[in-house]
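# Remarks on the overall topology
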Amino acid sequence: MTTKMRILQLLQQADGKLISGGEIAEQLSISRTAVWKQISALQQEGYRITAEQGKGYLLEKSDVLSAYEVERRLTTHTIGHPIHYFPSIDSTNLYAKRTPGLENGSIVVASQQTDGIGRLSRKFYSPEKMGVYLSIVLHPEQIAFSDVSTITLLTAVAMIDTIEQLTGVRPGIKWTNDIYLHGRKLCGILTEATIEGESGMIRSIIVGIGLNLYQQYTDFEPEIRDIAGSVLSETGVRVNPADYVAKLAENFEKYYLDQHFPENKHSFLKRYKEALFFLGQTVTVSSVREEYSAVAEGINENGELIVRREDGRMETLNSGEIRLKLNLKDYR
Ligand code: BT5
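Quick caveat: nothing in here was measured; it's all calculated off a predicted structure. (Residues numbered from 1 in each chain as written. Predicted model: local features only at pLDDT ≥ 70, side-chain atom pairs only at ≥ 80, totals over all residues. Heavy atoms only, no water.)

## Topic: the sheet that holds strand β14 (residues 323–325)
Pairing within the open sheet is antiparallel, and its 5 strands lie in the order β13-β12-β11-β10-β14. The outermost strands of the open sheet, each flanked by one partner alone, are β13 (314–317) and β14. Each adjacent strand pair in this sheet contributes to an overall mean axis angle of 45°, direction not counted. The pairing of strand β11 (residues 291–299) with strand β12 (residues 305–309) spans 5 bridges and is classified as antiparallel. Note that in β12 the partner of Ala294 across the bridge is Arg309. (Pairing = 2+ DSSP bridges. Helix = DSSP H or I, 4+ residues; strand = E, 2+ residues; numbered from the N terminus. Axes fitted to C-alpha atoms, helices over the stretch in contact; angles between N-to-C directions.)

## Focus: the side chain of Thr76
For Thr76, the position within the fold is in the loop between α4 (67–71) and β3 (83–86). For Thr76, a relative accessible area of 9% translates into the label buried. Within the local environment of Thr76, its side chain forms a polar contact with the backbone oxygen of Ile79, the two atoms lying 2.6 Å apart. (Buried < 20%, exposed > 50% of the residue type's maximum accessible area, 1.4 Å probe, protein only. Polar contact = N/O pair within 3.5 Å; in protein donor to acceptor, adjacent residues only side chain to side chain.)

## Description of the site of the ligand
In the neighbourhood of the ligand, 27 residues make up the surrounding shell, with Ser91, Ile117, Arg122, Lys185 and Asn212 lying closest. Between the ligand and Arg119 there is a distance of 3.0 Å, counted from an oxygen atom to a backbone nitrogen or oxygen. For the ligand, an oxygen atom lies 2.8 Å from a polar atom in the side chain of Arg122. If the ligand stood free it would expose 790 Å²; the protein chains cover 95% of that surface. Considered class by class, the residues forming the shell around the ligand number 11 nonpolar, 11 polar and 5 charged. (Near = heavy atom within 4 Å. Areas by Shrake-Rupley, 256 points an atom, 1.4 Å probe, with all protein chains shown as cover. Nonpolar A, V, L, I, M, F, W, Y, C, P; charged D, E, K, R; others polar.)

## Points about helix α6 (residues 145–167)
Taking 1.5 Å per residue, 23 residues should reach 33 Å; α6 reaches 35 Å between its end C-alpha atoms and fits that length. Just downstream of α6, Gly168 is the residue with a positive phi angle, here 85°. (Expected span 1.5 Å × (residues − 1).)

## What about the nonpolar core?
If you look at the biggest cluster of nonpolar residues, it comprises 69 residues, and the most contacted ones within it are Leu134, Trp175, Tyr244, Val245 and Phe278. The element best represented in this core is α6, accounting for 10 residues. Non-local contacts of Val245, meaning those with residues more than four positions away in its chain, are made with Leu65, Val70, Ile83, Ile107, Val109, Val132 and Leu134. Leu11, Ile19, Leu28 and Tyr57 belong to the second largest nonpolar core, which has 18 residues in total. (Core = buried A, V, L, I, M, F, W, Y, C linked by side-chain atoms within 4.5 Å. Contact = heavy atoms within 4.5 Å.)

## Things to note about the packing of aromatic side chains
Two aromatic rings, taken as a pair, are described by how far apart their centres are and by the angle between their planes. For the structure shown, the criterion picks out 8 aromatic pairs. Here the aromatic residues Phe252, Tyr255, Tyr256, Phe261 and Phe268 are joined through ring pairs into a cluster of three or more. Between the NZ or CZ atom of Arg184 and the centre of the ring of Tyr217, over which it lies, the distance is 3.7 Å. Just above the ring of Tyr214 sits the side chain of Arg238; from NZ or CZ to the centre is 4.2 Å. (Phe/Tyr/Trp six-rings, centres within 6.5 Å; stacked < 30°, edge-to-face > 60°. Lys NZ or Arg CZ within 6 Å of the ring centre and 35° of its normal.)

## Side note on the layout of surface pockets
Here the largest pocket defines a volume of roughly 1,000 Å³. Contributing to the lining of the largest pocket are 50 residues, with Arg122, Lys123, Phe124, Asp178 and Lys185 lying nearest its centre. Mapped onto the lining of the largest pocket, the elements with two or more residues apiece are α5 (92–98), β5 (131–138), β7 (178–181), β8 (184–195), β9 (202–212) and β14. When residues of the lining of the largest pocket are assigned to their parent elements, the largest contribution, 6 residues, is made by β8. Class assignment of the residues belonging to the lining of the largest pocket gives a composition of 21 nonpolar, 17 polar and 12 charged. Roughly 600 Å³ of internal volume is contained in the second largest pocket. (1 Å grid on protein atoms, 1.4 Å probe; cavity = no way out; pocket = protein on both sides within 12 Å on 5 of 7 lines; lining within 4 Å. Points joined across faces, edges and corners; volume = space filled by probe spheres on them.)

## Observations concerning the pairing of strand β1 (residues 49–52)
Side-chain positions along a regular strand alternate between the two faces of the sheet. As judged from the 4 bridges shared by β1 and strand β2 (residues 56–59), these two strands associate in the antiparallel manner. From the neighbouring strand, Glu52 faces β2, where its bridge partner is Gly56. Here β1 folds back onto β2, and the loop between the two strands holds 3 residues, one of which, Gly54, carries a positive phi near 75°.

This is the structure:
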């Protein structure tokens, strides 16, 4: 372990109390100047360390995202082992797809994405230190193609559990892959599979999750200002980013591994359905072929949305082709 990390651990062990530079220097057999240098480096990384003249250093609560900060909070066996952290990256999904050998359960996480992507090559804005952008890498032994999209639904449930545990507020789900609160999108999920050339088998699944944590409405790009929100803007709670990643890993592991996905489908699909905040309401269904109004009735065991047209006909909608338009102002 580096000297810097050992100093950080001593500060963390002091648990909000002052610890003198002399004491740190002695414990690590280094000079006080060396201590001071490493403290400066930690401050640069975002740790809020105050120095009190003649008394020592004090570590205050800091919202630092790093592999170390997540890993020390993890309670999981597989998900989040290891954490690959980047202050900035093009896209965590792109990185996971182009990097061979990433372990089953590993998480690629970044504080900023310069090329964050949504479905159908749409853009996912991922500004610096405003949110957390991550991809969970899975190498399932055997998985049916139809279950790949079900993982998105499992992830949505794990996400709303996580946000509820951290803020006390349970958000809703907009079928299929968006998390909403007060009619504003907090989070988007993009699940991708990589296929092995020769066999056509699924080699890995990459679950990309982008969460807005700290923006106020004026921080959002004009294009999404009316539709986007953050955990802070909608709940008033400033969530620590490492707490979030560790909690999400725990919830994801629970549904994916402990409860044996996909055998447990019915249990998280029930929770998924309960979280659909627009059921019973009239929505606009839009595809390349047509656009019509219908009442959202529920989902089936594959996570497909069931709607009733104005003439009474029922339709089962597959997410690949359909966009759902809601009047978001109704939910504010
Ligand atoms: C999604 O697509 O919402 C999936 C987003 C997945 C992002 C994660 S971040 C980690 C991983 N790495 C990546 O590169 N991607 C994944 P979709 O349902 O197609 O929604 C895209 C639409 O959401 C855009 O067209 C905008 O209207 C809106 N949008 C873009 N950025 C947003 C943001 N930060 N917050 C809320 N809405 C946003």
